[in-house]
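The residues making up each chain are set out below.
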Amino acid sequence: MQTSDSLLIVLLELFVLGTTVAGALLYSSERFLISLQKLHSGFRVFFMGLVCLSLFSLIDITAIAVKHFSEGDSPLDYFVLLREHVLTFVLLLTGASLCSLGFYKLLRIFSWRASNYAKGMGGKKLQLRLGELTNQLSLSNPRVPEIVQDPLLVRLGFLLSEKNFHTLFYETPGMFISVNKDMSIRGINHYSAKAMGVEDGDMMGNIISNYVFKEDRERFTAFLQHALTGEELPPCEIRVKLQDRCLWIRMLARLMQDFDDESWLLLVCQDVSRSKEMEEEISTHAVRDNLTGLHNRHALEQYLNKIFEEQSLFSKPAALIYFDVDQFRIVNDTCGHVAGDELLKQIVAVVQNNCEEENFFARISGDEFAIVVKDVDTERAMELAETIRSATEDVNFSWDEHSFRQSISVGVALTSPRICTLTDIFGAADAACSTAKENGRNRVVLHKESRDAGQDTRSDMLWVSRIQQAFSSDRLALFFQPIIDFKEPEHNYIHYELLIRYIGDDGRYIGPDRFLPAAEKYGISNQIDLWVLTTVLDFLQNNPRHTAELSCCSINITAHSIGNHQTRSAIKVLMENLSFPTDKICFEITESSAIKSMKDAVEFIDEMRTLGCKFALDDFGTGFSSLGYLKNLDVDYLKIDGAFIRDIVDDEIDRAMVTAIADIGRAMKIKTIAEYVENEEVLKTLIPLNVDLGQGFGLAKPMPLEKAVEFYSGGNDSDNPQL
């Protein structure tokens, strides 16, 4: 009975185990196979090994049972042993199933995590890539095509879901537009729509070229057609029509493909409206004058060059009407530059009202202007110039408590076979304008073309070249001309003016009237001034005894030097390092130079006076407002212009003028010097008029500077050249 009970218990256990194993196998067989498919081949071998081991255990159990039956063992012993082996088999098979299920679950979790990670990281990468495209979209960036074609975008596009891709496309802070093959808009992101001032859905399905300016439409369409072929193209710039403004867009187009292999264009855009506005502003400033809005000199030169290129032997000439504002510096110096600017604006407005629209009106510099008239004859050009002059003559300019009546001096030159370059026509018109000023201002002068006029321009340029070479080839020389004190005519008073000469190829001395005008015209007169100053200072420092006895050495300074801050600084340095008193140096400034640049003249005089230098106002009396300017200039000498001295013996008015100047000089404690004292009669006439000093051939002729020491020590000057 005990044996039968034990047998029943064993059978019951085997039944329970068998049922459990069968359920486990039925439940896990599908999962087990799926997990095997998901797992790596190495894991598959491992789990198959466990299954095989379980089968081998089952075979081993069967072999043991056969053995026990053959040997006659009791059934109970057989079943007990069978239970033990079945338990081992169940444990192995269950372990294999649980392991496979566990790894399957782990694989699912890993796959889910990896998928989410890939989606998150991929989305971020795609968003960064799209942002990078927007930031790096530039004509000058060669990496743009490489970035757009980067296969990472394609890979991530397939990796992400369509929903995520669209989210990134629409929300990225860059301008992206997708276009179908038929040029219709398939998608536009929010950033683009906002920049263009439209709603997202308003543009969907519309032909994209309808939003482009008509002038750019053909070029834009061709750009898209080439892009649809897969051709790599440089960025295209177009103008987009908006309701209230124009939007400049720079875009790249790249051919893309959907998941179903449908092709479309991705337009990566950039708003370049601001940079275009800046380009236009810079371009405008390059050819326009900021103050008046007129064309500038650069634009004028381009216009004239075009005229010269188009002209032929049968063309009508073009006229250049060149003018500047008379006494403009008076307004600037009296009322300031703001007043001067306002005066120029008023004059420009008057001139524009008397010019035809097709005339080319330009501001050359400062108070200098030019008008170009095409297909005109001399009579018509002079008529227009006279009309302009007459209109500006009526300008009454008021500023604060000051009132000015203004005028202009006008020079006219016409193109011809001999005047066919910028240099020719500017030189001719400028020369005519200068003649107008010299003849009293407020007039029109026509440049009379002749062989001599052309020769004069070429001669001036030749003199500039000669002077520049003269500094290094010892072709310049200094002469001195004594200035005599009428009260002490002997050599006790040493005072002279320095005069420059050019040494010609034949060794003869050439006077400054031949080359100084060219030097002033082409802006190198300050170089001559510095050469004169350094040469005479070396001479005086090398002759200390003569310098100690010297009363005054007069050196001429041109307007160019007065207005050039670098030249003035160089002069100041030279004077600060003298080894003798600076009051022995007197700078001569012509009245015209002082009037032309009154502010600079006053500043220069004040700077040099602090160092002890003296000043003389040369050619005094030639300007209509000489007495008014004299109050503003702190000078030691007035050099009476030679025009009042030449005929003083016979002309009562000249004597009256000289007497008045001498009286003003005494009242202001300024000594007067009479120029052009050419003979004894002039000298005898001047002395009773209380003129202090005299200079001229009748008193002493110019001599080389190196003979100054000998002359003032009592030497003979009979061999001095007469110039």
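Residues numbered from 1 in each chain as written. Predicted model: local features only at pLDDT ≥ 70, side-chain atom pairs only at ≥ 80, totals over all residues. Heavy atoms only, no water.

(A) Representation of helix H13 (residues 378-393). Here H13 is 16 residues long and its end C-alpha atoms lie 22 Å apart, about the 22 Å a rise of 1.5 Å per residue gives. For H13, the full list of buried residues reads Ala-381, Leu-384, Ala-385, Ile-388, Arg-389, Ala-391 and Thr-392. Buried residues of H13, seen end-on, are gathered within an arc of 165 degrees and therefore sit on one face of the element. Along its buried surface, H13 packs onto strand E6 (319-325), helix H12 (337-353), strand E8 (368-373), strand E11 (408-414) and strand E12 (444-446). (Helix = DSSP H or I, 4+ residues; strand = E, 2+ residues; numbered from the N terminus. Expected span 1.5 Å × (residues − 1). Buried < 20%, exposed > 50% of the residue type's maximum accessible area, 1.4 Å probe, protein only. Arc of directions from axis to C-beta. Contact = heavy atoms within 4.5 Å.)

(B) Summary view of the sheet that holds E8. In spatial order, the strands read E7-E8-E6-E11-E12; together these five strands make up an open sheet with mixed pairing. Across the chains shown, the open sheet's two edge strands, defined by having one partner strand only, are strand E7 (360-365) and E12. On average, adjacent strands in this sheet sit at an angle of 20 degrees to one another, irrespective of strand direction. The pairing of E11 with E12 spans three bridges and is parallel. Looking at the pairing, Gly-411 lines up with Val-445 of E12. Against the sheet, helix H10 (residues 297-310) engages E7 and E8, with an angle of about 130 degrees to E7. Strands E6, E7 and E8 of the sheet are contacted by H12, whose axis makes an angle of about 155 degrees with E7. (Pairing = 2+ DSSP bridges. Axes fitted to C-alpha atoms, helices over the stretch in contact; angles between N-to-C directions.)

(C) The arrangement of the pattern of salt bridges in detail. Enumeration according to the criterion identifies 19 salt bridges in this entry. Measuring nitrogen to oxygen at the nearest pair gives 3.3 Å for the salt bridge that ties Lys-437 to Asp-324. Within this pair, whereas Lys-437 is found in helix H14 (residues 422-438), its partner Asp-324 is found in strand E6, the two being separated by 113 residues in sequence. For Lys-437, a relative accessible area of 24% gives the class partly exposed. Close ionic contact of Arg-568 with Asp-600 constitutes a salt bridge, the shortest N to O distance being 3.8 Å. In this pair, Arg-568 sits in helix H20 (residues 565-576) while Asp-600 sits in helix H22 (residues 598-609), placing the two residues 32 residues apart along the sequence. Take Arg-568 and Asp-600: they sit in the same class, and that class is buried. Each of Glu-497, Glu-588, Lys-639 and Glu-675 takes part in one network of salt bridges that share partners. (Salt bridge = Lys/Arg side-chain N within 4 Å of Asp/Glu carboxyl O.)

(D) Region of the structure containing the packing of H12 against H13. Put simply, H12 and H13 touch, their axes get as near as 9 Å, and they point 135 degrees apart. Looking at the two axes, H12 sits oblique to H13. In this structure, H12 meets H13 at a crossing whose hand is right-handed. The segment H12 lies against H13, with Ile-347, Val-350 and Val-351 engaging Ile-388, Ala-391 and Thr-392. Tallied by class, residues from the contact of H12 with H13 come to five nonpolar, one polar and no charged. (Parallel < 35°, antiparallel > 145°, perpendicular 65-115°, else oblique. Left-handed = near helix turned anticlockwise from the far one by under 90°. Nonpolar A, V, L, I, M, F, W, Y, C, P; charged D, E, K, R; others polar.)

(E) Here's a closer look at the environment of His-402. Positionally, His-402 belongs in strand E10 (residues 402-405). Taking relative accessible area as the criterion, His-402 reaches 36% and is therefore assigned partly exposed. Counting along the chain gives 67 residues from His-402 to Cys-335, while the straight-line C-alpha distance between them is 8.0 Å. What His-402 contacts, discounting residues up to four positions off in sequence, is Thr-334, Cys-335 and Phe-397.

(F) Focus on the side chain of Glu-588. Tracing the chain through its elements places Glu-588 in strand E18 (residues 585-590). Setting aside its immediate chain neighbours within four residues, Glu-588 contacts Glu-497, Ser-554, Ile-555, Asn-556, Ile-557, Ala-616, Asp-618 and Lys-639.

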